[in-house]
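Each chain, letter by letter, is given below.
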Amino acid sequence: MTSKKETLTKGRIIAHHGLKVLIDIGSEIVDWKPPRRETWVVGDIVRFKEGRPSIEKRRNALKRAGYKGAEQILAANLDQLIITASCGEAFRLGLIDRFIVVANHEGIEPVIVLNKTDLDDSEEKIEIVERYARLGYGVFCLSAKTGEGLNRLAGSLNGKIASMVGHSGVGKTSIINMLAPGLERATAKIHEKTGQGRHTTSSAMLVKLPTGGKIIDSPGIRHFIPSGLTPADIAENFPGFNQMYGQCKFRDCKHLTEPKCAILTAVEENELDRDLYDSYKRLLESLEEN
Ligand SMILES: Nc1nc2c(ncn2[C@@H]2O[C@H](COP(=O)(O)OP(=O)(O)OP(=O)(O)O)[C@@H](O)[C@H]2O)c(=O)[nH]1
Ligand SMILES: [Mg+2]
Ligand SMILES: [Zn+2]
């Protein structure tokens, strides 16, 4: 870590460490304190010019709305968003839909992982997530416990930077531990009473995989409200809407009560899942509330 200033040129932020970030510069990992009033996140590329670091313009960012318009950036410069759910929990498709919208909007490829297929309710849950395969998204059903299905996921990650998101306890860290033997990040049993996770992972960390590619292990997320998206952005990027999008009578159609709305017609004619449409309406409502 000596003479950092002279030798560093470029690196990628892999974690936060107190007030500092950890930067992978290839030959080693160094820490650095970001300038005040700047938000540096995992995935950011740091460039050093005459010893002074700055982050490069992000090609995309995973952002969520916080309270009172505050915005939290979860990660930057991603190729893939791995939206993770598991058997053994009552997962809400709405959360998956929201992540898909944000990924589509940012130009990040969304894929769905269903973990814990070793559990009893797997058939029922596989059927539910297959809806996303029918819509054209990559769906990976696997078990971090038995290892089944992990190779397929590893193959899809090769050469990419991905972030793994989902509820606490779905097994994000367990999957990453299996993909990167020797890593051994902490995991914890879900609460027996509530069936929920314990928020074991407390901050994001980018992990290099021996099979190629990088994956960010992130803390569990219960609610996710996208940040900076208009209702039109939501409709344009909503799973299943793409075929009908742009075919409504009114150009500013919000697909709620408007006449000759292509989305509403598709729901009526069973060409679009009513569940998906309801999830769209709930997302618009939660944006308004926020
Ligand atoms: N049966 C079964 N249990 C699993 C599987 N994968 C993970 N688990 C268990 O699920 C629990 C939660 O796993 P974690 O990896 O800590 O989950 P996480 O998504 O990282 O949770 P947070 O860090 O809190 O967001 C642990 O007890 C794991 O052993 C699986 O494929 N099958
Ligand atoms: Mg974890
Ligand atoms: Zn419409």
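The preceding data block contains the structure.
Residues numbered from 1 in each chain as written. Chains lettered and ligands numbered in written order. Predicted model: local features only at pLDDT ≥ 70, side-chain atom pairs only at ≥ 80, totals over all residues. Heavy atoms only, no water.

## Notes on the overall build of the protein chain
For step 1, the next point in the chain: Within the protein chain, the secondary structure is distributed over eight helices and 13 strands.
For step 2, the next point in the chain: The C-alpha radius of gyration of the protein chain comes to 20 Å, within 12% of the 19 Å expected for a compact globule of 290 residues.
For step 3, the next point in the chain: Each of the three principal axes of the protein chain carries a C-alpha extent, and together these read 65 × 45 × 35 Å.
For step 4, the next point in the chain: Counting over 290 residues, the protein chain shows a buried share of 50%.
For step 5, the next point in the chain: A sequence separation of at least 24 residues applies to 62% of the contacts in the protein chain between residues at least 6 apart.
For step 6, the next point in the chain: Accessible surface computed for the protein chain: about 15500 Å², of which carbon and sulfur atoms make up 47%.
For step 7, the next point in the chain: Distance from the positive charge centre (41 side chains) to the negative charge centre (38 side chains) of the protein chain: 8 Å. (Helix = DSSP H or I, 4+ residues; strand = E, 2+ residues; numbered from the N terminus. Rg over C-alpha atoms; globule rule 2.2 N^0.38 Å. Buried < 20%, exposed > 50% of the residue type's maximum accessible area, 1.4 Å probe, protein only. Contact = heavy atoms within 4.5 Å. Areas by Shrake-Rupley, 256 points an atom, 1.4 Å probe, with all protein chains shown as cover. Lys, Arg positive; Asp, Glu negative; His and termini not counted. Charge placed at Lys NZ, Arg CZ, Asp CG, Glu CD.)

## Considerations on the coordination of the zinc ion (ligand 3)
For step 1, the next point in the chain: Distances from the zinc ion (ligand 3) to its protein donors, namely C248 (SG), C253 (SG), H255 (ND1) and C261 (SG), fall within the range 2.0 to 2.4 Å.
For step 2, the next point in the chain: Sequence positions of the donors to the zinc ion (ligand 3) reduce to the motif C-x4-C-x1-H-x5-C. Of the two residues, C253 and H255, neither departs from the other in class, the shared state being buried. (Donors = N, O, S within 2.8 Å, 3.2 Å for Na, K, Ca; no water.)

## Some remarks on the coordination of the magnesium ion (ligand 2)
For step 1, the next point in the chain: Within the first shell, the magnesium ion (ligand 2) binds the protein through T173 (OG1) and T201 (OG1), at distances of 2.0 to 2.1 Å. In this pair, T173 is assigned in helix α5 (residues 172-179) and T201 in the loop between α5 and β12 (205-208), connecting sequence segments 28 residues apart. No difference in accessibility class separates T173 from T201, as the two residues are buried.

## Some thoughts on the pairing of strand β11 (residues 161-166)
For step 1, the next point in the chain: The element β11 is largely enclosed, with a buried count of six among its six residues.
For step 2, the next point in the chain: By the bridge criterion, five bridges tie strand β8 (residues 80-86) to β11 in an arrangement that is parallel. Opposite I83, over in β11, you have V165 as the bridge partner.
For step 3, the next point in the chain: Two strands pair when backbone bridges link them, and β11 and strand β13 (residues 214-217) are joined in this way by four bridges, in the parallel orientation. Residue pairing across strands places M164 opposite D217, the latter belonging to β13. (Pairing = 2+ DSSP bridges.)

## A word on a positive patch on the surface
For step 1, the next point in the chain: A cluster of like positive charges, contributed by K20, K33, R36 and R37, occupies part of the molecular surface.
For step 2, the next point in the chain: Inspection of the secondary structure puts R37 in the loop between β3 (29-32) and β4 (45-49). (Patch = residues over 30% accessible without salt bridge, like charges linked within 9 Å, V, L, I, M, F, W, Y side chains within 5 Å. Salt bridge = Lys/Arg side-chain N within 4 Å of Asp/Glu carboxyl O.)

## Details of a negative patch on the surface
For step 1, the next point in the chain: Taken together, the side chains of E123, E124, E127 and E130 define an acidic patch exposed on the protein surface.
For step 2, the next point in the chain: Mapped onto the elements of the fold, E130 is located in helix α3 (residues 122-134).
For step 3, the next point in the chain: For E130, a relative accessible area of 37% gives the class partly exposed.

## A short note on the nonpolar core
For step 1, the next point in the chain: Counting 41 residues, the largest nonpolar core has I23, L81, I83, I96, F99, I112 and Y132 as its most contacted members.
For step 2, the next point in the chain: Per-element accounting of this core gives the leading share, seven residues, to helix α2 (residues 93-106).
For step 3, the next point in the chain: Formed by 24 residues, the second largest nonpolar core is a distinct cluster that contains F238, A262, L272 and L284. (Core = buried A, V, L, I, M, F, W, Y, C linked by side-chain atoms within 4.5 Å.)

## Observations concerning the packing of aromatic side chains
For step 1, the next point in the chain: Summed over all chains, the structure comprises six aromatic pairs.
For step 2, the next point in the chain: On the numbers, 5.0 Å between centres and 55 degrees between planes, the contact of F241 with Y280 is tilted. Note that F241 is positioned in the loop between α6 (231-237) and α7 (262-268) and Y280 in helix α8 (residues 274-289), a separation of 39 residues in sequence.
For step 3, the next point in the chain: Of the residues examined, F241 reaches a relative accessible area of 0% and is grouped as buried.
For step 4, the next point in the chain: Centre to centre, the rings of Y277 and Y280 are 6.0 Å apart; their planes meet at 35 degrees, and the pair counts as tilted. Placement of the pair is Y277 and Y280 together in helix α8, with a separation of three residues, close to one helical turn.
For step 5, the next point in the chain: A relative accessible area of 0% means that Y280 is categorised as buried.
For step 6, the next point in the chain: Three or more aromatic residues joined by ring pairs form one cluster here, namely F238, F241, Y277 and Y280. (Phe/Tyr/Trp six-rings, centres within 6.5 Å; stacked < 30°, edge-to-face > 60°.)

## Some points on the pairing of β3
For step 1, the next point in the chain: Alignment of strand β2 (residues 20-24) against β3, held across four bridges, turns out to be antiparallel. Bridge pairing in β3 places V21 opposite W32.
For step 2, the next point in the chain: A loop of four residues connects β2 with β3, the two strands running antiparallel in sequence, and G26 in this loop sits at a positive phi of about 95 degrees.

## What about helix α4 (residues 150-157)?
Working note: α-helix, 3.6 residues per turn, so residues spaced by three or four point in the same direction.
For step 1, the next point in the chain: When we look at burial in α4, the residues that qualify are L150, L153, A154, S156 and L157. Relative to the axis of α4, the buried residues are bounded by an arc of 160 degrees and lie together on one face. In α4, the exposed residues that point more than 90 degrees away from the buried face are N151 and R152.
For step 2, the next point in the chain: Packing partners of the buried residues in α4 comprise β8, β9 (109-115), β10 (138-141), β11, α5 and β13. (Arc of directions from axis to C-beta.)

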